[in-house]
Amino acid sequence: MWLGGNLLYMLDQSTVGNQVGSQYQSVKATETILSGIIYTNILPKLNDVKRFIGNKKILQSSVYISIGQNSIEIDNVSETMLIFNLEDIYEDRGFVYLKVKVKSIDIQVFKVSYADRDKIGIVWKEGKRIYNIYFNPEQNMEGK
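Residues numbered from 1 in each chain as written. Predicted model: local features only at pLDDT ≥ 70, side-chain atom pairs only at ≥ 80, totals over all residues. Heavy atoms only, no water.

Undergrad: Mind showing me how you'd approach the overall build of the protein chain here?
TA: The helix and strand tally for the protein chain stands at 1 helix and 10 strands. For the protein chain, the succession of helices and strands along the chain, N to C, is β-β-α-β-β-β-β-β-β-β-β. In the protein chain, once contacts between residues fewer than 6 apart in sequence are set aside, the share between residues at least 24 apart is 50%. Approximately 9,700 Å² of the protein chain is accessible, and the part contributed by carbon and sulfur atoms is 50%. (Helix = DSSP H or I, 4+ residues; strand = E, 2+ residues; numbered from the N terminus. Contact = heavy atoms within 4.5 Å. Areas by Shrake-Rupley, 256 points an atom, 1.4 Å probe, with all protein chains shown as cover.)

Undergrad: Any chance you could explain the side chain of S61 here in plain terms?
TA: Secondary-structure assignment places S61 in the loop between strand 3 (58-60) and strand 4 (63-68). Taking the relative accessible area as the measure of exposure, S61 reaches 0% and is therefore buried. Here the side chain of S61 touches L82 through a polar contact of 2.8 Å, landing on its backbone nitrogen. (Buried < 20%, exposed > 50% of the residue type's maximum accessible area, 1.4 Å probe, protein only. Polar contact = N/O pair within 3.5 Å; in protein donor to acceptor, adjacent residues only side chain to side chain.)

Undergrad: I'm lost on the pattern of salt bridges in this one. Help?
TA: When their charged atoms lie close together, side chains carrying opposite charge are able to pair. A full pass over the atoms with the stated rule returns 2 salt bridges. Of the charged contacts in the structure, one is a salt bridge between R51 and D48, with a shortest N-O distance of 3.1 Å. Of the two residues, R51 and D48 are both situated in helix 1 (residues 46-53); the distance of 3 residues between them amounts to about one turn of the helix. For R51, a relative accessible area of 61% gives the class exposed. Where K101 meets E87, a salt bridge forms, and the shortest distance between an N and an O atom there is 3.7 Å. Of the two residues, K101 is situated in strand 7 (residues 95-102) and E87 in strand 6 (residues 83-92); the sequence distance between them amounts to 14 residues. Overall, the relative accessible area of 45% leaves K101 in the partly exposed class. (Salt bridge = Lys/Arg side-chain N within 4 Å of Asp/Glu carboxyl O.)

Undergrad: Whenever I open this one, the environment of T15 confuses me. Can you help?
TA: Here T15 lies in strand 1 (residues 7-16). The residues touching T15, leaving out its near neighbours within four places in the chain, are T30, E31 and T32.

Undergrad: Would you explain the pairing of strand 6 in this entry?
TA: On any regular strand, side chains alternate: one points to one face of the sheet, the next to the other face. Of the pairings in the sheet, the one linking strand 3 to strand 6 comprises 3 bridges and is antiparallel in character. The residue bridging Q60 from the neighbouring strand is I83, located in strand 6. Where strand 6 lies against strand 7, 8 bridges are found, and the strand directions are antiparallel. Counterpart to I89 in the pairing with strand 7 is L98. Count of turn residues in the strand 6/strand 7 antiparallel hairpin: 2 residues, of which R93 carries a positive phi of about 55°. (Pairing = 2+ DSSP bridges.)

Undergrad: Can you help me understand the environment of I58 in this one?
TA: Position of I58 among the secondary structure elements: in strand 3. The exposure class of I58 is buried, given its relative accessible area of 17%. Separated by 44 residues in sequence, I58 and V102 place their C-alpha atoms 10.0 Å apart.

If you want it as structure tokens, here you go:
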């Protein structure tokens, strides 16, 4: 569910073959460039997210994943727990957002990209990296 989508519409695919170098030009290996747009037909619902979170004011991440914008493989999967202090849950234009404070991340509003009975996920893009964090209910802490 990268960027919250379950469907990728490919806009372009181009492949450039090996290029032989010379003393004035370097050798270039074959490369394939793919570009597209992510869509979804399964938007998280505000009531599902609220039911998942309940009365909790503190959420712990269960999985923290990052990938480079042009990477084909996940670069970082971490079991490091991030603590999210929940301030608000709201819906805007059909999307659900969590307003939180978290120590190591400057962003305070996250779009919920995935929600079911077992977990919810948030996603954001920062620079050339895409981040996904999932929360499982049994790992969440009760708020004060």
